[in-house]
Amino acid sequence: MLYLLFDIGATHTRLALSHDGRSLAETVTFDTDVTAGGQARFMAEVRKLVGDRTVTLVAGGAPGTIDRKQGVLIKAFNLPEWG
């Protein structure tokens, strides 16, 4: 099993992989890109970290409101240009 964890903070974004849900195997931290291009940067970092492996579960945090039915971030106060 492979878990992908993320935290999109006001200044830094953190990504991590775990194989057991208890310990982190690999981590990446980078400056949060608040511009419209930030989503692409986020996904590029995820793809680089995950590679060709299959992710079983994704869990994370983002500052804002999430539409649970569609699984999308509606409004993130510190990410005004993210759609």
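Everything quoted here is computed from the prediction, not taken from an experiment.

What counts and what doesn't
- Residues numbered from 1 in each chain as written.
- Predicted model: local features only at pLDDT ≥ 70, side-chain atom pairs only at ≥ 80, totals over all residues.
- Heavy atoms only, no water.
- Helix = DSSP H or I, 4+ residues; strand = E, 2+ residues; numbered from the N terminus.
- Contact = heavy atoms within 4.5 Å.
- Areas by Shrake-Rupley, 256 points an atom, 1.4 Å probe, with all protein chains shown as cover.
- Lys, Arg positive; Asp, Glu negative; His and termini not counted.
- Charge placed at Lys NZ, Arg CZ, Asp CG, Glu CD.
- Salt bridge = Lys/Arg side-chain N within 4 Å of Asp/Glu carboxyl O.
- Buried < 20%, exposed > 50% of the residue type's maximum accessible area, 1.4 Å probe, protein only.
- Pairing = 2+ DSSP bridges.
- Axes fitted to C-alpha atoms, helices over the stretch in contact; angles between N-to-C directions.

## Here we look at the overall build of the chain
1) Next: When its secondary structure is counted, the chain shows 1 helix and 6 strands.
2) Next: The order of α-helices and β-strands along the chain, N terminus first, is β-β-β-α-β-β-β.
3) Next: Taken over the C-alpha atoms alone, the chain extends approximately 35 × 30 × 20 Å along its principal axes.
4) Next: For the chain, contacts bridging at least 24 residues in sequence account for 42% of all contacts bridging at least 6.
5) Next: Of the roughly 5500 Å² of accessible surface on the chain, a fraction of 55% belongs to carbon and sulfur atoms.
6) Next: Across the chain, the 9 positively charged side chains and the 9 negatively charged ones have centroids separated by 5 Å.

## Comments concerning the pattern of salt bridges
1) Next: In total, this model carries 4 salt bridges according to the counting rule given.
2) Next: Between aspartate 7 and arginine 14 there is a salt bridge, and its shortest N-O distance comes to 3.4 Å.
3) Next: The partly exposed category is assigned to aspartate 7, whose relative accessible area is 34%.
4) Next: We classify arginine 14 as partly exposed; its relative accessible area is 39%.
5) Next: Residue arginine 41 pairs with glutamate 45 through a salt bridge whose shortest N-O separation is 3.1 Å. Note that arginine 41 and glutamate 45 are positioned in helix H1 (residues 38-50) at a spacing of 4 residues, about one turn of the helix.

## Focus: the sheet that holds strand E3 (residues 26-31)
1) Next: Spatially, the 4 strands line up as an open sheet ordered E3-E2-E1-E4, and their pairing is mixed. On the outer flanks of this sheet lie E3 and strand E4 (57-61), each paired with one strand and no other. Direction aside, the axes of adjacent strands within the sheet are offset by 15 degrees on average.
2) Next: Two elements, strand E1 (residues 3-8) and strand E2 (residues 12-18), share 6 bridges in a ladder whose sense is antiparallel. Directly across from aspartate 7, in E2, lies its bridge partner arginine 14.
3) Next: Sheet strands in contact with H1 are E1, E2 and E3, and its direction is about 25 degrees off that of E2.

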